[in-house]
Amino acid sequence: MRSLMLAPLALLLAAGSLAAQERGRDDSTFVWSGAMAPGTTLSLRNIAGEIEVREASGATAEVRAEKRWNGRANPRDIAFDVRVEGKTTSICTVWRGDSPCDGNDRHNYNSDDDERVSVRFTVTLPKGVALLARTGNGAVSVEKASAAVEASSGNGRVRVSDVAGDVVARSGNGDVAVDRVTGQVSARSGNGDVRVSTASGPVNASSGNGTIRVRMDALKGDGDMEFRTGNGSVILELPKDFAGEIDASQGGGAVRSDFPITLSGPVNLRHLRGTIAGGGRRVRLSSGNGGIELRKID
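Cut-offs and rules
Residues numbered from 1 in each chain as written. Predicted model: local features only at pLDDT ≥ 70, side-chain atom pairs only at ≥ 80, totals over all residues. Heavy atoms only, no water. Helix = DSSP H or I, 4+ residues; strand = E, 2+ residues; numbered from the N terminus. Buried < 20%, exposed > 50% of the residue type's maximum accessible area, 1.4 Å probe, protein only. Contact = heavy atoms within 4.5 Å. Areas by Shrake-Rupley, 256 points an atom, 1.4 Å probe, with all protein chains shown as cover. Disulfide = S-S within 2.5 Å. Phe/Tyr/Trp six-rings, centres within 6.5 Å; stacked < 30°, edge-to-face > 60°.

Here's the deal with the overall build of the chain
Moving on, step 1. The helix and strand inventory of the chain stands at 0 helices and 28 strands.
Moving on, step 2. Within the chain, buried positions represent 48% of all 298 residues.
Moving on, step 3. Of all intrachain contacts in the chain linking residues separated by at least 6 positions in sequence, the fraction that spans at least 24 positions is 46%.
Moving on, step 4. Counting only carbon and sulfur atoms, one obtains 44% of the accessible surface of the chain, whose full area is about 13,600 Å².

Okay, here's the thing in structure tokens:
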């Protein structure tokens, strides 16, 4: 493993085919670039500020980080930690020498009301490179990737679209949207709506407080699925040939289905069990306060 702490100076890191370079005329911008092959992973950890990722036109990844500050904050308190270990390249925002690359995600830029700092990451990701993007406070947006993506924010919306691979998308406080994905999806929000559309499932989605809406144009495999919200509706759109076992519970609403359901067990207005088209994978749906709908895609 090679580990470097980078302040805003021009320097070069060479590790095999990788090259890392930082450029900038002042303390406000850091830039890293390096060739990355399919099958490798780019890991980004930001403490506060948004992360925006789009597909690169070639085999070179680029990470541009723009510092933003006001009050008594000093941009020199922020640096960037670049580490190469095996097939993973990690780039982490460093606050006064404390780096989340060390496994410590407990950071706070805003310990003083007059001291506010954030970093905006703009990233281009080569085809075939997996992505791990995390920020403690800010939005995360990933547009077009051809490998697995994991995107998360402690406080901010998360949006992932056009991914040819599995997706994990999470927010502690914010809406989560996953669109046009060909792999499996796991989407979760502690407080916000969750919306997912895929070419083929399976999908698992949950929210502590928000509506869940999921559309799967097709289903592969036989894995179980779960859709759960503490407060809000659950709307599930499924292909017309769907077959499975349904376990649906709700605290204040109704269960509606475009599919004929053969009920099993005692009839309960708040808890429905049954099969569609003879059964198959198990699908659990629950809402503490909201309705549940199963819609057929024609």
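The discussion continues.
Some remarks on the state of the cysteines
By definition, a disulfide links the sulfur atoms of two cysteine residues through a covalent bond.
Moving on, step 1. Under the definition given, this model contains 1 disulfide.
Moving on, step 2. The disulfide partner of Cys92 is Cys101, and the S-S distance across this bridge is 2.1 Å. When the S-S torsion is 90 degrees, as for the bridge of Cys92 with Cys101, the disulfide is right-handed. For the pair Cys92 and Cys101, one class covers both residues: buried.

Examining unusual backbone geometry
The phi torsion of most residues other than glycine is negative, and most of the peptide bonds are trans.
Moving on, step 1. Of the consecutive residues Gly201 and Pro202, the connecting peptide bond is found in the cis state with omega at 10 degrees.
Moving on, step 2. Examined against the element boundaries, Pro202 turns out to sit in the loop between β18 (194-198) and β19 (203-207).
Moving on, step 3. The backbone of Lys144 shows a phi angle near 75 degrees, a positive value even though the residue is not glycine.
Moving on, step 4. Relative to the assigned elements, Lys144 resides in strand β12 (residues 140-145).
Moving on, step 5. Under the relative-accessibility criterion, Lys144 is labelled partly exposed at 45%.
Moving on, step 6. One non-glycine residue with positive phi stands out, namely Arg180, at about 55 degrees.
Moving on, step 7. According to the relative accessible area criterion, Arg180 is partly exposed, its value standing at 46%.

Let's talk about the side chain of Ser286
Moving on, step 1. Structurally, the position occupied by Ser286 is in strand β27 (residues 281-287).
Moving on, step 2. What makes Ser286 buried here is its relative accessible area of 18%.
Moving on, step 3. Beyond its immediate sequence surroundings of up to four residues, Ser286 is in contact with Phe227, Arg228, Thr229, Val234, Ser249 and Ile292.

Thoughts on the packing of aromatic side chains
Any two aromatic rings considered together are summarised by their centre-to-centre distance and by the angle between their planes.
Moving on, step 1. Applying the stated criterion across every chain, the model contains 3 aromatic pairs.
Moving on, step 2. When the centroid spacing of 4.5 Å and the interplanar angle of 15 degrees are considered together, the rings of Phe30 and Phe80 count as stacked. Of the two residues, Phe30 sits in strand β4 (residues 29-35) while Phe80 sits in strand β8 (residues 78-85), which places them 50 residues apart along the sequence. Like Phe80, Phe30 is buried.
Moving on, step 3. Plain terms: the ring middles of Phe242 and Phe259 are 6.0 Å apart, the flat faces sit at 65 degrees to each other, and that makes the pair edge-to-face. Here Phe259 lies in the loop between β24 (255-257) and β25 (262-263) and Phe242 lies in the loop between β22 (234-239) and β23 (244-250), a separation of 17 residues in the sequence. Of the two residues examined, Phe242 and Phe259, each falls in the buried class.

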